[in-house]
Amino acid sequence: MIRPAEAEDTDRIRACVHAAFAPFVERIGRPPAPMLADYAALVAAGKVHVTAPDLVGLIVLYPRGAALHVENVAVSPEARGKGFGRELMAFAEASARRLRLGAVELYTHQKMTENITYYSALGYREIRRGVEDGFPRVWFRKPVA
């Protein structure tokens, strides 16, 4: 089950993101963008949803143009491989359809190659590569109509 995050979830959200992205710090040479986000503000804006009843994963998403933009997906290391990432991405796709948006868009760091493989396996198509906010990124899109 996925539910909207609440203010009291913020510390657990930060801990989940930190645990999920810490292994990438050395590879990319700095903390990934999700580790730098203001989760209190994102939760207050209604952009964060979490797994329930246990908060072992989260997704940050919001409409942007004709697509639903996924800013971040994080699953704690102990919960990886148990379907939470797929559940969160299915939630994003269902949310886009509910909002009558035609696609889900997202990006990942170019050096997070396992994410590139993962999103491709879920049917997301790479649409471009470039640098944004100082991070080399790969953008993906999946129609959901």
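Here goes a summary of the coordinates provided. Given the structure is predicted, the values throughout are model-derived calculations rather than measurements.

### A closer look at the packing of aromatic side chains
Summed over the entire model, instances satisfying the criterion amount to 5 aromatic pairs. For the ring pair Tyr118 and Tyr119, a centre distance of 5.6 Å and an interplane angle of 65° mean the geometry is edge-to-face. When its relative accessible area of 8% is taken as the criterion, Tyr119 is described as buried. Ring geometry for Tyr119 versus Tyr124: centroids 6.2 Å apart, planes at 70°, classification edge-to-face. Judged by relative accessible area, Tyr124 falls into the buried class, the value being 3%. Counting every residue linked through ring pairs, the aromatic cluster contains Tyr118, Tyr119, Tyr124 and Phe140. The ring of Phe135 has Arg30 lying over it, and the distance from NZ or CZ to the ring centre is 3.8 Å. It is Lys47 that lies over the ring of Tyr62; its NZ or CZ is 4.5 Å from the centre.

### Concerning unusual backbone geometry
For the bond from Ala52 to Pro53, the omega torsion is 10°, close enough to zero to count as cis. Along the chain, the position of Pro53 falls in the loop between strand S2 (48-51) and strand S3 (57-64). In the Ramachandran plot, Arg100 falls in the positive-phi region, its phi being about 60° despite a non-glycine side chain. For Arg100, the location among the structural elements is in the loop between helix H3 (84-98) and strand S5 (103-109). Look at Asp133: it is not a glycine, yet its phi comes out positive at around 55°.

### Re the pairing of strand S7 (residues 135-143)
As paired strands, S5 and S7 are joined by 7 bridges and run antiparallel to one another. Opposite Ala103, over in S7, you have Pro143 as the bridge partner. Remark: 2 residues form the turn of the hairpin made by strand S6 (residues 125-132) and S7, two consecutive strands paired antiparallel; Asp133 in that turn has positive phi of roughly 55°.

### Focus on the sheet that holds strand S4 (residues 67-75)
Spatially, S1-S2-S3-S4-S5-S7-S6 is the arrangement adopted by the 7 strands of the open sheet, whose pairing is mixed. For this open sheet the edge positions go to strand S1 (2-4) and S6, each flanked by a neighbour on one side alone. With direction set aside, neighbouring strand axes in the sheet form an average angle of 30°. Here S1 runs beside S2; their pairing, made up of 3 bridges, is antiparallel. Considered in S2, the bridge of Pro4 is made with His49.

### Topic: the environment of Phe24
Here Phe24 lies in helix H1 (residues 10-28). On the accessibility criterion, Phe24 (10% relative accessible area) is buried. As for Phe24 and Met112, which are separated by 88 residues in sequence, their C-alpha atoms are 7.4 Å apart. Filtering out sequence-adjacent residues up to four positions away, Phe24 remains in contact with Pro32, Met112 and Glu114.

### A word on the pattern of salt bridges
Applying the stated criterion across every chain yields a total of 9 salt bridges. Between Arg27 and Glu114 there is a salt bridge; the shortest N-O distance is 2.6 Å. Of this pair, Arg27 sits in helix H1 while Glu114 sits in helix H4 (residues 113-121), and the two are 87 residues apart along the sequence. A relative accessible area of 38% means that Glu114 is categorised as partly exposed.

About the criteria used
Residues numbered from 1 in each chain as written. Predicted model: local features only at pLDDT ≥ 70, side-chain atom pairs only at ≥ 80, totals over all residues. Heavy atoms only, no water. Phe/Tyr/Trp six-rings, centres within 6.5 Å; stacked < 30°, edge-to-face > 60°. Buried < 20%, exposed > 50% of the residue type's maximum accessible area, 1.4 Å probe, protein only. Lys NZ or Arg CZ within 6 Å of the ring centre and 35° of its normal. Helix = DSSP H or I, 4+ residues; strand = E, 2+ residues; numbered from the N terminus. Pairing = 2+ DSSP bridges. Axes fitted to C-alpha atoms, helices over the stretch in contact; angles between N-to-C directions. Contact = heavy atoms within 4.5 Å. Salt bridge = Lys/Arg side-chain N within 4 Å of Asp/Glu carboxyl O.

Nothing here speaks to function; it is all geometry.
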